[in-house]
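Overview (structure and organization)
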Amino acid sequence: MDKLIELEENQIRFIDLFAGIGGLRLGFEYPYYQSPNTKGPKLGTCVFSSEWDKYARITYEANFGEKPFGDITLLNPTAIPKFDVLLAGFPCQPFSSVGKREGFSHPTQGTLVHEVVKVLEKKRPKAFLLENVKGLLTHDAGKTMKVIESSLVDLGYSFDYRVLDAANFGVPQVRKRVYIVGLRNLQRVKASRIELNWPIGTQNLTALGPFIEKDVTGYSISKHLQKSYLEKIDDGRPHIVDCETEAPAKTLVASYHKIQRLTGTFVKDGETGLRLLTLNECKSIMGFPIDFEIPVSRTQMYRQLGNSVAVPVAREIAKMIYNLIQNRKSVKRI
């Protein structure tokens, strides 16, 4: 993929809705990020952000120097500065079947995705990226996705979507998410499903072991909880790892701190012989820089990283979108 023009005046302007702690923003600001000391050219500039959770806003401000707008339902889209790309990791909600549906706005009314629809309608950006759990595709027997698709077409955006696994992008964690990318249609071109050249990553998965810290204190799981809950059934669960583990971690979820034996990944280490993943280990499996600040409680830290986007995946999608904006000939309609 050709590298984009790196001049300051050619930076892509984007907005960060349902921003969380800024995982998408990190990827879109520096898509050619190499290390904490070598970020590469800054190709994207965030001109507006929105996030309602007060703890996530604290973390966001600590790292980006700005406090996001709060409740998006109170946002007037006309107040948003001009931008090229909309980013939104919106929550998944059911759509009501009550009432007569007319136009694109009615089917999404009362849901948070409706706030995205309103911004797209008013601001007409060149492109957008929506991110969600892969279950969005089958949510409410597929009705949720059908409503979203029809709304995008009615708005005049052609789109494509793909489920990508962070494990294929250098992150030692299995994390499958659906990404929806849309492009504003040119005049006289009917909106439709299109076929994009998505990044595919690699099949060589990254081992978790090298990212595991040794002799950690303060993250231990009590012996009582280990015996009474984690070890109560000999079924190969939960996922226990150490410095030699070659497989990636299971998906980090927002409720990780609740120590769930079926979904959690735990480390053979610590004062009691078994512990939770540390802050640095969680940053690593999400692809966040180690110097990324998370100035909140441990419970909030797990929630914030568990709700976030794997940064390396965001970077690869940013490259694709930035190149699509510059070269629409690469879009295939289906």
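Residues numbered from 1 in each chain as written. Predicted model: local features only at pLDDT ≥ 70, side-chain atom pairs only at ≥ 80, totals over all residues. Heavy atoms only, no water.

**Digging into the overall build of the protein chain**
Note the threshold: Only DSSP runs of H or I covering at least 4 residues are called helices, and only runs of E covering at least 2 are called strands; the numbering of each starts at the N terminus. Only protein chains enter the accessibility calculation, which uses a 1.4 Å probe; a residue whose area is less than 20% of its type maximum is buried, one above 50% is exposed, and one in between is partly exposed. Two residues qualify as a contact provided that any one of their heavy atoms is within 4.5 Å of a heavy atom in the partner residue. Throughout, the Shrake-Rupley method with a 1.4 Å probe supplies accessible areas, and for residues the shown protein chains are the sole cover considered.
The helix and strand tally for the protein chain stands at nine helices and 10 strands. Taken over 334 residues, the protein chain has a buried fraction of 51%. Counting contacts in the protein chain only where the partners sit at least 6 residues apart, residues at least 24 apart contribute 75% of the total. When the accessible surface of the protein chain is totalled, it reaches about 15900 Å², and 49% of it is carbon and sulfur.

**Remarks on the packing of aromatic side chains**
Operational definition: Whether two aromatic rings pair depends on their centres lying within 6.5 Å, for rings of Phe, Tyr and Trp, where Trp uses its six-membered ring; planes under 30 degrees apart make the pair stacked, over 60 edge-to-face, and the rest tilted.
If you walk through the whole model with that rule in mind, you get nine aromatic pairs. With centroids separated by 5.7 Å and ring planes inclined at 80°, the aromatic side chains of Phe28 and Tyr322 adopt a geometry described as edge-to-face. Taken together, the positions of Phe28 in helix H1 (residues 23-29) and Tyr322 in helix H9 (residues 311-326) put the pair 294 residues apart, joining distant regions of the chain. As far as the burial class goes, Phe28 and Tyr322 line up, both buried. Between Phe64 and Phe292 the ring centres are 6.4 Å apart and the planes differ by 65°, which places this aromatic pair in the edge-to-face class. Of this pair, Phe64 sits in helix H2 (residues 54-64) while Phe292 is found in the loop between helix H7 (279-286) and helix H8 (298-306), placing the two residues 228 residues apart along the sequence. Across this residue pair, the class does not change: Phe64 and Phe292 are buried.

**A short note on the pairing of strand E6 (residues 176-184)**
We count it as follows: Note on pairing: two strands pair once DSSP finds at least 2 bridges between them.
Here E6 lies mainly inside the structure; seven of its nine residues are buried. Relative to E6, strand E4 (residues 127-133) runs antiparallel, the two sharing seven bridges. Its bridge partner being in E6, Phe128 is matched across the sheet by Gly182. Pairing between strand E5 (residues 157-165) and E6: nine bridges, direction antiparallel. Counterpart to Asp160 in the pairing with E6 is Val181.

**Observations concerning the environment of Ile12**
Structurally, the position occupied by Ile12 is in strand E1 (residues 12-17). Classification of Ile12 as buried rests on a relative accessible area of 10%. Sequence separation of Ile12 and Phe28 is 16 residues, and the distance between their C-alpha atoms is 8.8 Å. Leave out the neighbours within four places in its chain, and Ile12 touches Leu43, Gly44, Thr45, Asp84, Val85, Tyr322 and Ile325.

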